[in-house]
Amino acid sequence: MCSKEAMLTVIKKWQISSMLVDVLLKFGDQPQVFQESSGFRQLCQSRDQSFELCYQFMYVERNGRRPPRDTWSFRQTGVMHKFSFESCSSQIVIIHPSDDAVAQSKLEAMAESSHRAQLTRHPLTVHLIIIWSYLANWQDHIESLASDLEQIRRRIDVADISEPDAIPAINPERLQTLRHIEDKIVCKACKCLRSNIVLVKTLMSINTAFATKIPSLGESSYSVHQELQIMEHRLESHINAAETLAQRVQATLGLLTNLLDIGNQANSREISTRILRLTQEGVDDNATVKVITVFTLIYLPASFVASFLGMNLFDFKSEDGSLRASPQFWIFIVTTVPLTMLTVGAWYLYKTRHNKLRKAKSIAESV
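Every value quoted in this text rests on a predicted model; they were computed, and no experiment measured them.

A. Structural detail: the overall build of the protein. When helices and strands are tallied, the protein shows 10 helices and six strands. For the protein, buried positions account for 34% of its 367 residues. By element, 57% of the accessible surface of the protein is carried by carbon and sulfur atoms, the whole surface being about 23,300 Å².

B. Representation of unusual backbone geometry within the structure. In this model, Pro67 is joined to Pro68 through a cis peptide bond whose omega is 10 degrees. In this structure, Pro68 sits in the loop between β2 (51-62) and β3 (72-84).

C. Here's a closer look at the UniProt feature "transmembrane region" (unreviewed entry) in the protein. Feature annotation in UniProt places "transmembrane region" (unreviewed entry) on residues 287-309 and 329-350, given in this structure's numbering. Annotated as 100% helix and 0% strand, the span residues 329-350 places its first and last C-alpha atoms 32 Å apart.

D. A look at the packing of helix α4 (residues 102-111) against helix α6 (residues 125-135). Between α4 and α6, the least distance of the axes is 9 Å, while the angle of their chain directions is 130 degrees. One element, α4, and the other, α6, form an angle in the oblique class. Crossing of α4 over α6 shows right-handed handedness. Contact residues: α4 offers Val102, Ala103, Lys106, Leu107 and Met110, while α6 offers Val126, Ile129, Ile130, Trp132, Ser133 and Tyr134. Classifying every residue of the contact of α4 with α6 gives nine nonpolar, one polar and one charged.

E. Broad picture of the packing of aromatic side chains. Counted by the stated rule, this structure contains seven aromatic pairs. For the pair Phe51 and Phe83, a centre-to-centre distance of 5.7 Å together with 25 degrees between the ring planes defines the contact as stacked. Highlighted residues: Phe51 in strand β2 and Phe83 in strand β3, separated in sequence by 32 residues. Looking at Phe83, the relative accessible area reads 3%, which means it is buried. Clustering of aromatic rings is evident, with ring pairs tying together Phe51, Phe83 and Phe210.

F. Quick peek at a nonpolar patch on the surface. A surface patch of nonpolar side chains, about 580 Å² in accessible area, is lined by Trp330, Ile331, Ile333, Val334, Val337 and Met341. Locating Trp330 in the fold gives a position in helix α10 (residues 329-366).

G. Summary view of the confidence of the model for the protein. Averaged over every residue, the pLDDT of the protein is 79; the share at 70 or more is 83%. The spread of mean pLDDT over the elements of the protein runs between helix α3 (residues 32-35), the lowest at 42, and α6, the highest at 93. Residue range residues 29-38 is modelled with pLDDT below 50. Its contacts to residues more than four positions away, or to other chains, number 14 contacts.

What counts and how
Residues numbered from 1 in each chain as written. Predicted model: local features only at pLDDT ≥ 70, side-chain atom pairs only at ≥ 80, totals over all residues. Heavy atoms only, no water. Helix = DSSP H or I, 4+ residues; strand = E, 2+ residues; numbered from the N terminus. Buried < 20%, exposed > 50% of the residue type's maximum accessible area, 1.4 Å probe, protein only. Areas by Shrake-Rupley, 256 points an atom, 1.4 Å probe, with all protein chains shown as cover. UniProt positions renumbered as here; feature names shortened; annotations may be inferred. Axes fitted to C-alpha atoms, helices over the stretch in contact; angles between N-to-C directions. Parallel < 35°, antiparallel > 145°, perpendicular 65-115°, else oblique. Left-handed = near helix turned anticlockwise from the far one by under 90°. Contact = heavy atoms within 4.5 Å. Nonpolar A, V, L, I, M, F, W, Y, C, P; charged D, E, K, R; others polar. Phe/Tyr/Trp six-rings, centres within 6.5 Å; stacked < 30°, edge-to-face > 60°. Patch = residues over 30% accessible without salt bridge, like charges linked within 9 Å, V, L, I, M, F, W, Y side chains within 5 Å. Salt bridge = Lys/Arg side-chain N within 4 Å of Asp/Glu carboxyl O. pLDDT = per-residue confidence, 0-100.

Structure representation (structure tokens):
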């Protein structure tokens, strides 16, 4: 871990330009736009082919996590290279995201082995080692995303939305996973790969100048040029694979979205059918209650009057055992019939008025 004081000491002692500070500002807890940017690069080149190059190298690397957590992380390495044509010497500062960076381990291994001379055979050798250290990770990362996509597509293609078993395969969680894959490809992988291609082309232009101005580097410059071309071709193939995968993700997103819409429509139709069935059952129950209510209204006045007057309207104690009506029986008829008509009429008027008000309210709401 490099402290602030140590970095200031390096900058002052080696007279490093402010371009390195711009690279440093891209590290740490920066806004998302920096972490997902297309890389940062500055090149200051003089007439004698001396130059200062600063860039932020973006790459992907396994983080050691286990599924279901994301097993890949996007990382960045800052590089500052100051080359003097007069002394044919280089000052290189490399800022790694961790202490056990792969590129740093390779550089240290070469510096301590018999291949140490290869580090100084060409001024751009260090850059080649850094890029080669992480270039192969892109293919593994894209294949990992393609595998995740294929698992989702396999479940979607065989899913029948009319079956209840299709619910686990077609759900918003799958949609969220696809969006996450699309974000990794479009917003991160493609941008990082394009920034790497720009970096490789920048190194190509510097290498071409070396071959022209420094004849002693002619053979090694040709070898470096070949390696840079291979890098460019591989990066372009990775971009093509990522763009193709992004198109497949978008197609799968469209398919899953349509299936979710169809499933939601089917659920809405089923809910509407159930509501209609419940409404019909409620109407039938209301009709039954209505009939019972009408009969109750008809018989209620008679029951009330009969209870009120008692059973004294009939004589069961006659000498011959016959049933004789009381001379006042007409009181029962005169009282019951008008009361029944009044009760039924009042109910009819109330019902008619209620229907008119409901119809008027329905017309007003429709307008």
